[in-house]
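Close look at the chain arrangement
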Amino acid sequence: MVDMAEILKKFDIYEIARKKLEEIEKYDCSIYCCHSTGCKSSGSDDLIALAKQILEENNLTDKVRIVATGCMGLCAQGPLIRVEIKGKKDILFKHVNSDIARAIMEKCVIPGLSSAGDVVLPDELKQHVLSLDMPFFTKQEKVVLKNAGHIDPEDIEEYMARGGYLALEKALKTMTPQEVVELIKKSGLRGRGGGGFSTGMKWELAAKVPTVDEKFIICNGDEGDPGAYMDRSILEGDPHAVIEGMMIAGYAIGATSGWFYIRAEYPLAVERLKKAIQECRKKLLLGNNIMGTGFSFNVDIRLGAGAFVCGEETALIHSIEGARGTPRPRPPYPTNKGLWDKPSCVNNVETLANVSKIMLKGADWFASFGTETSKGTKVFALTGQVKHSGLIEVPMGTTINEIVNEIGGGVPEGKTLKAIQTGGPSGGVIPAKYMDMPVCYEALKKVGSIMGSGGMIVIDDSSDMVSLAKFYLDFTVDESCGKCAPCRIGGKQMLLLLDKINRGRGKKKDLEQLKKIAFAMQKASLCGLGQTAPNPVLSTLRFYEEEYTNKLLDGKEKE
Amino acid sequence: MVDEPDLGCKVGDKWRKKRGSLIMALHEIQSVKGYVDWKDAMDLAKTMDIPLARIYEVLTFYNFFKLVAPGKAVISVCTGTACYLKGNDKVLEKFKSELKIKEGESTPDGLFHLQCVRCVGCCGLAPVCVVNGKTYGRMTPEQVPAILDEWREVFKEA
């Protein structure tokens, strides 16, 4: 006779979490090695192998555990290793190589296990210590990235030990789909892919469309903006959070299955997501009758193939269908007619990663972060000419000054800040004089940029704005799918004019012409790519017109 | 890279019954062979019952797919914003002058293939180059000859 209670216990998330916590509790020390793309390419694989080998040599495998985690944030200082010994202060090491890793094990971990009080580090290690009290860490507010850097993304049990899949259980067992939609609506969560449309509203629209045979939830992981890697880091560091968010979304809108659309350029994120999905299937969290509630849901992954335009939802849907990734006019919106003409709801990776936290802690808790209209936190990839380049998460409404100068540590010595750029090729530049502006959807729009997916590029005074505008336009012209004329022809013509100006052959009337074409592209292009492609040019023209006029043949006469 | 005569049929069979699978099938062929040639596309068209024109429509639209065999060592120079600001154009120029090829081309001996790619997502390490999956961060033009020698060595042994 098979004991059903025993079998069910095996799949009970509380039971799994309890056991895992007990297991973790047994260790006196945890060593966290960053194992995301950035640190991996700086050699963290070898470091993990070396640390394991040293543990075995010293018979410490039952006292010390090594966790390969997702991104810890400070990518420029990688590979990073964090040592947590029970009862002692956590220590974070930067720029670790194999010698330093050996020293960490032999001169920090091993003595630390036996001695009371904090470990006294030798000088060779001291210069590799990163203070955890520096503003880069203390000024951040981690909601989406709560688990990244703290759990092994390939172990579902660690995710559960930190409260994973409890939000799903809460939704499935205690709430109706309408209640879930209401909660998300109340929280004020807005699409993190750049558009900023209310997620709750989108779900409500999708839920209203009756499910005839199928309805889909699609996760947009086609993070194409150059200089942005938030979604990749979330998928690499905490894939289960995205899966859980997608399942809750699926329940809320009455979806029958989910699709992940991920860039092919992110092999590690795809691999981790694949593993996470397999683990879910093994734990019966995906499939039929999940948690005995009658809710059935399955997910699958589809890869992109290097087309920026596929971040646009209708183009993305065409790409999943196995066709060219060209957008189509909306309406009908995907919520009515999407993948294979079935109702579909497209959400960004970061948006979905927020969902489980809102479910557990409530809409009011989430709404306590941020400004009047932009709630919650936002993950940014802070890059460019800044000291601490990396992945950060701050409440909406944090000022640019706090992000760049306090968290980012400012521009390197000898240079001054000129501007920051947000929104990638669809956004614009924000000059240094707006440093005290809070970062939220509305404020960024007011100065001619957009929130975008979260790339924030710091530009110092050595950069030339005309070349920067040309760089972005080059990108969008290359990535234009060619379906509609304003984008295909307009973009190319703008690029020719910019090139002419940049070579010092331009005239005043060329600037007028640039603005005219830009206006036409904004009004007449089919999708977001064409509509926003002129933004970098327009915004640099708005704030740095003198840099353009200085390059004109007849520019000097103007003054 | 690997020569499998009936790759197109095999992959086609695997993906035939799944929805939205053309791009996945093409990825699988390219991951084995390094590119998608005419015969694979033909076989795929037959087994998956998709018009050949439709397959080429997709192949030529997406940057990721290659129609001819690339060199053994594929050098990808990141042209993302962070790498651009930190001067990856100079690194690219150095690769071009060292190899005497343009971007998107292979050296006559079939050893190197030079391409520009969109952000590889290691912006913290900018400027970045990737050679056959191995990432080189904080690049300077001076490092280029050493990297080329490193890969010449790898393929000399093989």
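Treat the numbers as computed from the prediction; the structure is a model and nothing was measured.

1. Things to note about the overall build of chain A
- Each helix and strand in chain A was counted, giving 25 helices and 15 strands.
- Computed over C-alpha atoms, the radius of gyration of chain A comes to 25 Å, within 12% of the 24 Å expected from 2.2 N^0.38 for 559 residues, which places it in the range of a compact globule.
- If one aligns the C-alpha atoms of chain A with their principal axes, the spans along those axes are about 85 × 65 × 40 Å.
- The buried share of chain A, taken over its 559 residues, is 61%.
- Element-wise, carbon and sulfur atoms account for 51% of the exposed surface of chain A, whose accessible area totals about 21300 Å².
- In chain A, 72 side chains carry a positive charge and 72 a negative one; their mean positions are 5 Å apart.

2. Let's talk about empty space enclosed by the protein
All names here are of chain A.
- With the rule as written, the count across this model stands at two cavities of 30 Å³ or more.
- Here the largest cavity is characterised by a volume of approximately 70 Å³.
- Around the largest cavity, the lining residues are V309, P327, S480, C481, G482, K483, C484, C487, L526, C527, L529 and G530.
- Of the voids in this model, the second largest cavity is the one considered here, and its volume is about 30 Å³.
- Contributing to the lining of the second largest cavity are I31, A51, I81, A101, I104 and M105.

3. Observations concerning helix α4 (residues 44–57) of chain A
Residue and element names in this part refer to chain A.
- With 14 residues, α4 should reach 20 Å at 1.5 Å per residue; the first-to-last C-alpha distance of 20 Å fits that figure.
- For α4, the complete set of buried residues consists of S44, L47, I48, L50, A51, I54 and L55. Burial along α4 is one-sided: seen end-on, the buried residues are contained in an arc of 165°. Residues of α4 that are exposed and point more than 90 degrees away from the buried face comprise D46 and E56.
- Residues of α4 that are buried make contact with β1 (29–34), α3 (37–41), β2 (64–69) and α5 (98–114).
- Phi for N59, located one or two positions after α4, is positive at around 50°.

4. Focus: the sheet that holds strand β13 (residues 417–422) of chain A
All names here are of chain A.
- An order of β12-β11-β15-β13-β14 is seen for the five strands of this open sheet, with the pairing classed as mixed. The sheet terminates laterally at β12 (390–395) and β14 (428–431), the two strands that pair on one side only. Across this sheet, the average inter-strand angle for adjacent strands is 30°, counted without regard to direction.
- Note: β13 against strand β15 (residues 455–460), five bridges, orientation antiparallel. Opposite Q421, over in β15, you have I457 as the bridge partner.
- Relative to β12, helix α18 (residues 400–407) is tilted by about 140°, and along the sheet it contacts β11 (377–384), β12, β13, β14 and β15.

5. Quick word on the interface of chain B and chain A
- Facing the 35 residues of chain B at the interface are 56 residues of chain A.
- Summing both sides of the interface, chain B and chain A together bury roughly 3500 Å²; the carbon and sulfur share of this comes to 58%.
- In terms of surface lost to chain A, no three residues of chain B exceed B:R19, B:F61 and B:R118, which account for 20% of the buried area on that side.
- The closest approach of N and O atoms between A:E479 and B:R118, which form a salt bridge, is 3.2 Å.
- On inspection of chain B and its partner chain A, the count reaches 21 residue pairs in polar contact (both at pLDDT 80 or more).

6. What to know about unusual backbone geometry
- Geometrically, the link from A:R330 to A:P331 is a cis peptide bond, its omega value of -5° lying close to zero.
- Of note, A:P331 is situated in the loop between α15 (313–320) and β10 (344–348).
- Residue B:P127 follows B:A126 across a cis peptide bond; omega there is -5°.
- Residue placement: B:P127 occurs in the loop between β3 (112–117) and β4 (129–131).

7. Let's talk about the state of the cysteines
Residues and elements named next belong to chain A.
- Under the counting rule described, the total for this entry stands at zero disulfides over all chains.
- Take C484: it sits in no disulfide, and the sulfur closest to it among the cysteines is that of C487, at 5.1 Å.
- Here C484 falls in the buried class, since its relative accessible area comes to 17%.

8. Side note on the domain arrangement of chain A
Residue and element names in this part refer to chain A.
- Under the domain assignment used here, chain A contains domain 1 (27–134), domain 2 (163–367), domain 3 (377–460) and domain 4 (465–558).
- A straight line from the C-alpha centre of domain 2 to that of domain 4 covers 35 Å.
- Facing the 12 residues of domain 2 at the interface are eight residues of domain 4.
- Buried area between domain 2 and domain 4, summed over both chains or domains, comes out near 870 Å², and the portion from carbon and sulfur atoms is 78%.
- Of all residues in domain 2, P226, F308 and P327 bury the most surface against domain 4, accounting for 53% of the area lost on that side.
- Of the residues that constitute the side of domain 2 that touches domain 4, the class distribution is six nonpolar, four polar and two charged.

9. With respect to the pattern of salt bridges
Residues and elements named next belong to chain A.
- Following the criterion strictly, the structure yields 50 salt bridges over all chains and no others.
- R263 serves as the salt-bridge partner of E265, at 3.4 Å between the closest nitrogen and oxygen.
- For E265, a relative accessible area of 23% corresponds to the partly exposed category.
- For R263, a relative accessible area of 4% corresponds to the buried category.
- Of the charged contacts in the structure, one is a salt bridge between E271 and K275, with a shortest N-O distance of 3.7 Å. A residue pair is termed a helical-turn pair when its members lie 3 or 4 positions apart in one helix, as E271 and K275 do in helix α14 (residues 267–282) at four residues.
- One salt-bridge network, held together by shared partners, links E154, E271, R272 and K275.

10. Observations regarding the pairing of strand β8 (residues 287–290) of chain A
Residue and element names in this part refer to chain A.
- Sheet topology places β8 next to strand β9 (residues 295–303); two bridges connect them, and they run antiparallel. Bridged to I290 within β9 is F295.
- Counting the residues between successive antiparallel strands, the hairpin from β8 to β9 contains four residues, one of them, M291, with a positive phi of roughly 55°.

Reading the values: the criteria
- Residues numbered from 1 in each chain as written.
- Chains lettered and ligands numbered in written order.
- Predicted model: local features only at pLDDT ≥ 70, side-chain atom pairs only at ≥ 80, totals over all residues.
- Heavy atoms only, no water.
- Helix = DSSP H or I, 4+ residues; strand = E, 2+ residues; numbered from the N terminus.
- Rg over C-alpha atoms; globule rule 2.2 N^0.38 Å.
- Buried < 20%, exposed > 50% of the residue type's maximum accessible area, 1.4 Å probe, protein only.
- Areas by Shrake-Rupley, 256 points an atom, 1.4 Å probe, with all protein chains shown as cover.
- Lys, Arg positive; Asp, Glu negative; His and termini not counted.
- Charge placed at Lys NZ, Arg CZ, Asp CG, Glu CD.
- 1 Å grid on protein atoms, 1.4 Å probe; cavity = no way out; pocket = protein on both sides within 12 Å on 5 of 7 lines; lining within 4 Å.
- Points joined across faces, edges and corners; volume = space filled by probe spheres on them.
- Expected span 1.5 Å × (residues − 1).
- Arc of directions from axis to C-beta.
- Contact = heavy atoms within 4.5 Å.
- Pairing = 2+ DSSP bridges.
- Axes fitted to C-alpha atoms, helices over the stretch in contact; angles between N-to-C directions.
- Buried area = accessible area lost by both parts, 1.4 Å probe.
- Salt bridge = Lys/Arg side-chain N within 4 Å of Asp/Glu carboxyl O.
- Polar contact = N/O pair within 3.5 Å; in protein donor to acceptor, adjacent residues only side chain to side chain.
- Disulfide = S-S within 2.5 Å.
- Domains from an automatic or database assignment.
- Nonpolar A, V, L, I, M, F, W, Y, C, P; charged D, E, K, R; others polar.

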